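# Structural characterization, general
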Amino acid sequence: MSQFADLLPPLSHFINGRFVTGEGAAVADVHPATNEAFCDIRWATDAEIEEAVAAAKAGFEVWRRTRPAERARILYRTAQILRERNDAIARLETLDTGKALQETTVVDVISAIDALEYFAAHAATMNGEHVAFGGMEGDWGYTVREPLGVCVGIAAWNYPMQMAGWKSAPALACGNAMILKPSETTPLSALCLAQAYKEAGLPDGVFNVLQGDGRVGAALIGHPDVAKVSLTGSSATGSKILAAAAPGLKKVTLELGGKSPLVVFDDADIDSAVGGAMLANFYSTGQVCSNGTRVFVHEKIRDRFAEKLIRRTEAMIVGDPFDMATQMGPLVSRPHFDKVAAYYRAAPEQGECLHDGGFPEIQGFENGNWVGPAIYAPKDDDQPIAREEIFGPLLSLFTFRDEDEVLSRANDTIYGLAAGVYTQDLGRAHRMMQRMKAGSCWINTFNVTPVEMPFGGHKQSGLGMENGKWALDAYSQVKSVHVAMGPMQYPY
Ligand code: NAD
């Protein structure tokens, strides 16, 4: 793995503007296509957690006093630095996650850059309001939008750079400090963001990176000097984090799991809907939280849809993620492979196999975490492959007859992250959107997440939204100030 040495950022943590090797246990970071270790990362000790929180607390005092226009300039400069390093960071992301380089080059770093530029544009415009309630000359009030303090970001492993950007950009634009804990599976790219912030002139302590598993995350949430936590992860972890934040009544944003529906009506453009269904299941080797893993196709077009879907799926290229022709790399880790493989092995008993993705052997990468794209028609909506989040490239295909039926089946899930509909009927499209119980919805497309739009889940898929101006509410609080212009008549 020595050919990747030049990609590696300084390791392991970034505390108070400096890269720190760390004193904790060293844990190997492995490339998912080979399961070979390419570096060691040290998980944060209690002392390092204390050090990072103290640095963030001090950094916050500097940053909240920094002119918003200057904050914006630093975020813009960071975006520019990342843009210049896009290809190198994309390679690092592919090394760490196994995702195809054809994706990481155009999505992962770019979506973090989009967030930096979008929130930089808002940093200097976050003013309060003047409120006149006393006529022209009486009492009046004003509101102030204040930062929260030290915020903690905890990320999943599927879009590490994107999550680092989506969490830190709005937090910093609002004047907060942040400690980011990447997933223990994909620790590296957050350090590239730290490097870029540093070179852009961010004051020490305003952005920190601590490595480690859930223990480090839990210690950060429980720390009395932490004001807020934003998690991207599974619903099970979301529930633990909500409980951990409860004693201190800390602010919480949760971006969690899903089992989202994608509904294709008989008037849809079939080729486009097939493309949407593939994107909604196979992108990032199926490891996307908002994936439309339950595809409901109207019975009139089901056979034509299935035939095109299978033919195009058969042509997909699974292999070396660094080959730009590859469309699906390996799954992120051996434990995750084991989980997905168990669903693959159980699937034939739960439905009809329309395309068996199987476990491909990739020459030269025999030890990688390989699965192929799979398509099943489950026996019914209650089969585990149809109800549970697999987080791998297994598509469940269903048929339906009418709108009411498909809506009730689409909404019959504990999750509510995303939903999509393909139809040419405008009225029906919007009716479906009104009735879908999901936070992020698409008409005639799927899984596109421009930073201008809020992204988040309903039901057990989350709490609060990331992105768009709504993210500013998640990283700030409003203060209301009443100004008395004359003597007050007290009732005593
Ligand atoms: P995970 O829940 O296992 O871990 C997520 C993060 O939480 C990791 O950094 C982990 O170290 C940390 N963590 C675990 N236990 C913790 C605890 N008790 N206290 C504090 N931190 C803790 O999830 P994962 O396996 O890394 O990622 C896959 C999951 O993430 C899937 O369910 C997927 O749907 C979800 N996801 C959601 C979104 C979204 O935006 N809604 C995006 C990507 C992934």
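My aim in this report is to walk through the structure given alongside it, one point at a time.

Definitions and limits used
Residues numbered from 1 in each chain as written. Predicted model: local features only at pLDDT ≥ 70, side-chain atom pairs only at ≥ 80, totals over all residues. Heavy atoms only, no water. 1 Å grid on protein atoms, 1.4 Å probe; cavity = no way out; pocket = protein on both sides within 12 Å on 5 of 7 lines; lining within 4 Å. Points joined across faces, edges and corners; volume = space filled by probe spheres on them. Helix = DSSP H or I, 4+ residues; strand = E, 2+ residues; numbered from the N terminus. Nonpolar A, V, L, I, M, F, W, Y, C, P; charged D, E, K, R; others polar. Patch = residues over 30% accessible without salt bridge, like charges linked within 9 Å, V, L, I, M, F, W, Y side chains within 5 Å. Areas by Shrake-Rupley, 256 points an atom, 1.4 Å probe, with all protein chains shown as cover. Salt bridge = Lys/Arg side-chain N within 4 Å of Asp/Glu carboxyl O. Buried < 20%, exposed > 50% of the residue type's maximum accessible area, 1.4 Å probe, protein only. Near = heavy atom within 4 Å. Polar contact = N/O pair within 3.5 Å; in protein donor to acceptor, adjacent residues only side chain to side chain. Sits in = over half its atoms within 2 Å of the grid points. Pairing = 2+ DSSP bridges. Axes fitted to C-alpha atoms, helices over the stretch in contact; angles between N-to-C directions. Core = buried A, V, L, I, M, F, W, Y, C linked by side-chain atoms within 4.5 Å. Contact = heavy atoms within 4.5 Å. Expected span 1.5 Å × (residues − 1).

### Concerning the layout of surface pockets
- Considering only enclosed or pocket space, the largest pocket measures out at about 960 Å³ in volume.
- Lining the largest pocket are 43 residues, and of these Ala156, Trp157, Ser183, Glu184 and Thr237 lie nearest its centre.
- Secondary-structure elements contributing two or more residues to the lining of the largest pocket are strand E3 (26–31), helix H7 (214–222), strand E10 (228–232), helix H8 (235–245) and helix H11 (334–350).
- Residue classes in the lining of the largest pocket are distributed as 20 nonpolar, 13 polar and 10 charged.
- What the second largest pocket holds in volume is close to 490 Å³.
- Taken together, 26 residues form the lining of the second largest pocket, with Val107, Gln162, Trp166, Asn447 and Thr449 sitting closest to its centre.
- Contributions of two or more residues to the lining of the second largest pocket are made by helix H4 (101–123) and helix H5 (160–173).

### A word on a nonpolar patch on the surface
- Together, Met488, Tyr490 and Tyr492 line one region of the surface with nonpolar side chains, adding up to about 500 Å² of accessible area.
- Looking at the element boundaries, tyrosine 490 is found in the segment after strand E22 (476–483).
- In this structure tyrosine 490 comes out as exposed when scored by relative accessible area, which is 59%.

### A word on the site of the ligand
- Lining the immediate surroundings of the ligand are 30 residues, of which Ala155, Glu184, Thr237, Leu256 and Glu389 lie closest.
- At 3.3 Å, a backbone N or O of glycine 233 approaches an oxygen atom of the ligand.
- Note that an oxygen atom of the ligand is positioned 2.5 Å from one of the side-chain N or O atoms of glutamate 389.
- Relative to its unbound accessible area of 850 Å², the ligand is 86% covered by the protein chains.
- Of all the cavities here, the one that holds the ligand is the largest pocket.
- Looking at the shell around the ligand, the elements that each hand over two or more residues are H7, E10 and H8.

### Quick word on the sheet that holds E22
- Taken in spatial order, the three strands of this open sheet run E5-E6-E22, and their pairing is antiparallel. Only two strands of the sheet have a single partner each, and these edge strands are strand E5 (130–132) and E22. In this sheet, adjacent strand axes meet at a mean angle of 25° when their direction is disregarded.

### Let's talk about unusual backbone geometry
- One non-glycine residue, asparagine 35, adopts positive backbone phi at about 60°.
- Its location among the elements puts asparagine 35 in the loop between E3 and strand E4 (36–42).
- Given a relative accessible area of 26%, asparagine 35 falls into the partly exposed group.
- The backbone phi angle of lysine 459 is positive, close to 45°, even though this residue is not glycine.

### Section: the nonpolar core
- In terms of nonpolar packing, the biggest core is built from 98 residues, with Leu82, Phe119, Leu172, Phe207, Val264 and Phe305 touching the most fellow members.
- With 10 residues, the top contributor of residues to this core is H4.
- Within the second largest apolar cluster, 26 residues are counted, among which are Ala52, Leu210, Val216 and Val252.

### Side note on the sheet that holds strand E18 (residues 418–422)
- On the basis of which strands lie adjacent, the open sheet formed by seven strands has the order E14-E15-E16-E13-E12-E18-E19 and mixed pairing. Across the chains shown, the open sheet's two edge strands, defined by having one partner strand only, are strand E14 (351–355) and strand E19 (440–443). Between one strand axis and the next, the sheet turns by 20° as a mean value, whatever way the strands run.
- Sheet analysis places strand E13 (residues 294–298) next to strand E16 (residues 394–400), joined by five bridges and oriented parallel. Following the sheet pairing, histidine 298 is matched in E16 by phenylalanine 400.
- Against the sheet, helix H13 (residues 403–410) touches strand E12 (261–264), E13 and E16, its axis set at about 150° to E16.

### Comments concerning H5
- Compared with an ideal rise of 1.5 Å per residue, which puts 14 residues at 20 Å, H5 spans 20 Å between its outermost C-alpha atoms and is within 8% of the ideal.
- With 14 of 14 residues buried, H5 is to be regarded as a mostly interior element.

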